[in-house]
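Examining the three-dimensional arrangement
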Amino acid sequence: AQTVTQSQPEMSVQEAETVTLSCTYDTSENNYYLFWYKQPPSRQMILVIRQEAYKQQNATENRFSVNFQKAAKSFSLKISDSQLGDTAMYFCAFGYTGANSKLTFGKGITLSVRP
Amino acid sequence: SAVISQKPSRDICQRGTSLTIQCQVDSQVTMMFWYRQQPGQSLTLIATANQGSEATYESGFVIDKFPISRPNLTFSTLTVSNMSPEDSSIYLCSVRRAGTEAFFGQGTRLTVV
């Protein structure tokens, strides 16, 4: 079964600085997706970025980018120019391809952006 | 994308009672997923609901405690039965489209007193 590990329970970063959140996973399959979700106090789960395992190029969405190392099963999220609105809990998640497949989540990391 | 309407958004319930959470999706989906998020914790899958068949429960979750209905391809309910304070959590429904990301309802914050 797949597992997702986020070993940092919390991090803090100064506004406008860059922060990297770590995630590792384990699977024996080749076709899957990796995701980072943000959960602010409103508790709504918001997709930050996704990465298809078959793509070598790292995904980028504005200030958010990932470092996807498939062989090492590592998937870190870099947030550039951190903003106060980035303060939230961040979850790394794994899912096989297929609409009927569940997502498996890491424990999450609480990110605080300091003014 | 998918728009998911989940209600109630929050409730405070007496122990021993039951609460039914509703989840409506804006278009048809095969599977709907129900997650529990205990305070300060990650999301744990309770069960997967497929229209026309009994839900599939994850280890540690049973149908008597968390009965699920899936009457059609756009709607599902999760009932939390015979509640105790340990059931105080956020409950979220979710769907996936075309095998990509999951979309979530707004969540139901349940407090059992």
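Everything below is about the structure shown above.
Computed from a predicted structure; not experimentally measured. (Residues numbered from 1 in each chain as written. Chains lettered and ligands numbered in written order. Predicted model: local features only at pLDDT ≥ 70, side-chain atom pairs only at ≥ 80, totals over all residues. Heavy atoms only, no water.)

**Structural notes on the overall build of chain B**
A tally of helices and strands in chain B yields 0 helices and 11 strands. N-terminal to C-terminal, the α/β element order of chain B is β-β-β-β-β-β-β-β-β-β-β. With the principal axes as the frame, chain B shows a C-alpha extent of 40 × 25 × 20 Å. Counting across all 113 residues of chain B, residues that qualify as buried make up 52%. Intrachain contacts of chain B at a sequence separation of at least 6 include 52% that bridge at least 24 residues. Here chain B displays about 5,100 Å² of accessible surface, and carbon together with sulfur accounts for 47% of that area. When the 9 basic and 8 acidic side-chain charges of chain B are each reduced to a single mean position, those positions are 6 Å apart. (Helix = DSSP H or I, 4+ residues; strand = E, 2+ residues; numbered from the N terminus. Buried < 20%, exposed > 50% of the residue type's maximum accessible area, 1.4 Å probe, protein only. Contact = heavy atoms within 4.5 Å. Areas by Shrake-Rupley, 256 points an atom, 1.4 Å probe, with all protein chains shown as cover. Lys, Arg positive; Asp, Glu negative; His and termini not counted. Charge placed at Lys NZ, Arg CZ, Asp CG, Glu CD.)

**A word on the packing of aromatic side chains**
By the definition in use, this model includes 16 aromatic pairs over all chains. A centroid spacing of 6.3 Å and a plane angle of 85° characterise the contact between Phe 68 of chain A and Phe 75 of chain A, whose relative ring orientation is edge-to-face. Taking relative accessible area as the criterion, Phe 75 of chain A reaches 0% and is therefore assigned buried. Put simply, the rings of Tyr 33, Phe 35, Tyr 37, Phe 91 and Phe 105 of chain A together with Tyr 35 and Phe 104 of chain B touch in pairs and so form one group of aromatic residues. (Phe/Tyr/Trp six-rings, centres within 6.5 Å; stacked < 30°, edge-to-face > 60°.)

**A closer look at the environment of Gln 106 of chain B**
Considering the arrangement of structural elements, one finds Gln 106 of chain B in the loop between β10 (102-104) and β11 (108-112). For Gln 106 of chain B, a relative accessible area of 35% gives the class partly exposed. As a C-alpha pair, Gln 106 of chain B and Leu 92 of chain B span 14 residues in sequence and 7.1 Å in three-dimensional space. For Gln 106 of chain B, the residues in contact, after removing those within four places along its chain, are Ser 42, Arg 43 and Gln 44 of chain A together with Ile 4, Ser 5 and Gln 6 of chain B. Here the side chain of Gln 106 of chain B touches Gln 6 of chain B through a polar contact of 3.0 Å, landing on its backbone nitrogen. (Polar contact = N/O pair within 3.5 Å; in protein donor to acceptor, adjacent residues only side chain to side chain.)

**Considerations on the interface of chain B and chain A**
Every contact between the two is made by 28 residues of chain B and, on the other side, 25 residues of chain A. Carbon and sulfur atoms make up 51% of the surface buried where chain B meets chain A, a total of about 2,000 Å² over both sides. Considering only the surface of chain B that becomes buried against chain A, Arg 96, Glu 101 and Phe 104 of chain B emerge as the three largest contributors, covering 28% of it. Across the chain B-chain A interface, the total number found is 2 salt bridges. The partner of Arg 50 of chain A in a salt bridge is Glu 101 of chain B, with the nearest N and O atoms 2.4 Å apart. Counting across the interface, chain B meets chain A through 12 residue pairs in polar contact (both at pLDDT 80 or more). Here the residues of the side of chain B that touches chain A sort into 10 nonpolar, 12 polar and 6 charged. (Buried area = accessible area lost by both parts, 1.4 Å probe. Salt bridge = Lys/Arg side-chain N within 4 Å of Asp/Glu carboxyl O. Nonpolar A, V, L, I, M, F, W, Y, C, P; charged D, E, K, R; others polar.)

**Observations concerning the environment of Tyr 91 of chain B**
Residues and elements named next belong to chain B. With respect to the helices and strands, the residue Tyr 91 is situated in strand β9 (residues 89-96). By relative accessible area, which is 0% here, Tyr 91 ends up buried. Between the C-alpha atom of Tyr 91 and that of Gly 105, which follows or precedes it by 14 residues, the distance is 9.2 Å. If sequence neighbours within four positions are ignored, Tyr 91 has contacts with Gln 6, Ile 21, Tyr 35, Arg 36, Ile 46, Phe 66, Leu 78, Val 80, Gly 107, Thr 108 and Leu 110. At 2.8 Å, the side chain of Tyr 91 and the backbone oxygen of Asp 87 are in polar contact.

Structural measurements only, silent on function.
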